[in-house]
Amino acid sequence: RRVVLVCDRARAIESGARCVMSTAQQPARGKRDLAVVGCGTLGAMALKIWAHEHPSAETLGVTRTDARHGDLRNAGITHLATEKDLAALVPFPNVIMCAPPNGNDDYVGAVQRAIDLWQGASGADAGGFVFTSSTGVYPVENDGTPMTESSKTRSSEDERAKKLLECERRVLSVGGNVVRLAGLYARERGAHKLWVAYKSSPSSPGGLINLVHYRDAARLAVRIVDFNSRGRIFLGVCDQPVTRENIVKIAQQKVPELYDPSVKVVFSGENQPQEQTRVFTNRETRELLDWQPLYPTYESGITVSVNAPLY
């Protein structure tokens, strides 16, 4: 199907436009049509995976501004809109909300607007909704028992966790799903890139970091939408957490052309016992969805670029 976006009643242009047609002018949605709100690295990857698996579906990438629309079109994502266009769109049967909270003072509102874009929020028969949250909602201190999808979350004193948990509450209340993702990484993206660039960090060297490759996170979000569950929490982590110190060392060993092995990164924080017991297991997620990560360890995924062919 071809989508035409209308900026005003006198002029129509193709779907690269900055504005959209009125709801009365828009075509009816197909049951596999998908909108991805937050079409950055993760969102663009999820959209491409969905388009490959459902080639007849209409897909829409939504960004905060149109600054990256040229790059997204060059990457093959041609149907685009900005967040200010959402109220004018006919709701989609499938929605992935994966815009990050940083830099957005109205993040809860942004998530609510993504919820409003989902047909299922109004009680209609629809596909799936997924909100990509974070393992940051879990407490730092625990007794060493691996945390799971149903483990307790942080107290409301942590502002970032409080914001994410409010978003989760809104999503779950309308039957949407939440996937809590560990630290995202790829060959050229992730904490390792910043640490090597700055050569220092105030954090401790021995703190365990739980990770998941961008590609696995995108695959998981798509799988949850396709699974069409309601009101569930999922967890996206790989098999082995890695210390900050080893995250840098492995990146330097595996990708020396990007991360100079001669660079010494200084972690000035003191190792804390609670940071060395913060581990996760997502067995429930894997069994329910029949899903496994392509990169079960950081070492197996660090050489894989976000731009590598998906198929």
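Sequence order sets the numbering: in each chain, residues are counted from 1 along the sequence as written. Totals for whole chains, interfaces and linings use all residues, but because this is a predicted model, local features are given only for residues with pLDDT of at least 70 and pairs of side-chain atoms are given and counted only at 80 or more. Heavy atoms throughout the structure, all of them, feed into the side-chain values; hydrogens and water do not.

A. Main features of the overall build of the protein. Numbering of helices and strands runs from the N terminus; a helix is a DSSP stretch of H or I covering at least four residues, while a strand is a stretch of E covering at least two. Each helix and strand in the protein was counted, giving nine helices and 15 strands. For the radius of gyration, the atom set is restricted to C-alpha positions; the globular benchmark scales as 2.2 Å times the number of residues to the power 0.38. Here the C-alpha atoms of the protein give a radius of gyration of 20 Å, agreeing with the 19 Å that 2.2 N^0.38 yields for 311 residues. Principal-axis analysis of the C-alpha atoms places the extent of the protein at approximately 65 × 40 × 35 Å. Taking all 311 residues of the protein together, 50% fall into the buried category. Contact between two residues is taken to exist if any of their heavy atoms lie within 4.5 Å; hydrogens are not considered. Taking the intrachain contacts of the protein between residues at least 6 apart in sequence as the baseline, contacts between residues at least 24 apart amount to 78%. In this description, accessible areas are obtained by the Shrake-Rupley approach with a 1.4 Å probe, and a residue is regarded as covered only by the protein chains that are shown. Carbon and sulfur atoms make up 49% of the accessible area of the protein, which totals about 14,500 Å². The centroid of the 38 positive side-chain charges in the protein is displaced by 3 Å from the centroid of its 34 negative side-chain charges. Categorising residues by exposure relies on relative accessible area from a 1.4 Å probe, with only protein chains included: less than 20% of the type maximum marks a residue as buried, more than 50% marks it as exposed, and the intermediate range marks it as partly exposed. By the counting scheme adopted, Arg and Lys are positive, Glu and Asp are negative, and His together with the chain ends is not counted. Charged groups are reduced to one reference atom each: NZ for lysine, CZ for arginine, CG for aspartic acid, CD for glutamic acid.

B. Up close: the pattern of salt bridges. The working definition used for a salt bridge is a side-chain nitrogen of Lys or Arg within 4 Å of a carboxyl oxygen of Asp or Glu. This model, assessed by the stated rule, comprises twelve salt bridges. Between Arg187 and Glu257 there is a salt bridge, and its shortest N-O distance comes to 2.7 Å. Residue Arg187 is found in the loop between strand E9 (183-185) and helix H5 (191-198), and its partner Glu257 is found in the loop between helix H7 (244-254) and strand E15 (266-267); the two are separated by 70 residues along the sequence.

C. Representation of the packing of helix H3 (residues 107-116) against helix H4 (residues 159-173) in the model. Whenever a helix is involved, its axis is fitted only over the stretch in contact; in every case the axis is a line through C-alpha atoms, and angles between N-to-C directions fall within 0 to 180 degrees. The interhelical angle for the contact between H3 and H4, taken along N-to-C directions, is 20°, at an axis separation of 9 Å. Classified by the angle their axes make, H3 and H4 are roughly parallel. Between H3 and H4 lies a crossing of right-handed hand. Touching Tyr107, Val108, Val111, Gln112 and Ile115 of H3 are Lys163, Leu164, Glu166, Cys167, Arg170 and Val171, all from H4. Of the residues contributing to the contact of H3 with H4, the split by class is seven nonpolar, one polar and three charged. Orientation categories follow fixed angle ranges, with anything under 35 degrees roughly parallel, anything over 145 roughly antiparallel, 65 to 115 roughly perpendicular, and all other angles oblique. Should the near helix be turned counterclockwise from the far one by less than a right angle, the crossing is left-handed, whereas a clockwise turn marks it as right-handed. Nonpolar residues are Ala, Val, Leu, Ile, Met, Phe, Trp, Tyr, Cys and Pro. Charged residues are Asp, Glu, Lys and Arg, and all others, Gly as well, are polar.

D. Highlighting the nonpolar core. Counting 66 residues, the largest nonpolar core has Val95, Ile96, Met97, Val111, Leu117, Phe129 and Phe131 as the members making the most contacts within it. Per-element accounting of this core gives the leading share, eight residues, to helix H6 (residues 214-227). Sequence-distant contacts of Leu117, that is, excluding residues within four places in its chain, are made with Ala35, Val37, Leu86, Leu89, Val90, Pro91, Phe92 and Val95. In this text, buried Ala, Val, Leu, Ile, Met, Phe, Trp, Tyr and Cys residues form a nonpolar core when linked through side-chain atoms within 4.5 Å. Cys238, Tyr259, Tyr298 and Ile302 belong to the second largest nonpolar core, which has 19 residues in total.

E. Main features of the packing of helix H1 (residues 41-53) against H6. The N-to-C vectors of H1 and H6 enclose an angle of 55°; their axes lie 9 Å apart at closest approach. The angle between the axes of H1 and H6 places the two elements in the oblique class. As for the relative orientation of H1 and H6, their crossing is right-handed in sense. For the pair H1 and H6, contact is made by Thr41, Leu42, Met45, Ala46, Ile49, Trp50 and Glu53 and by Tyr214, Arg215, Ala217, Ala218, Arg219, Val222, Val225 and Asp226, respectively. Broken down by class, the residue content of the contact of H1 with H6 amounts to ten nonpolar, one polar and four charged.

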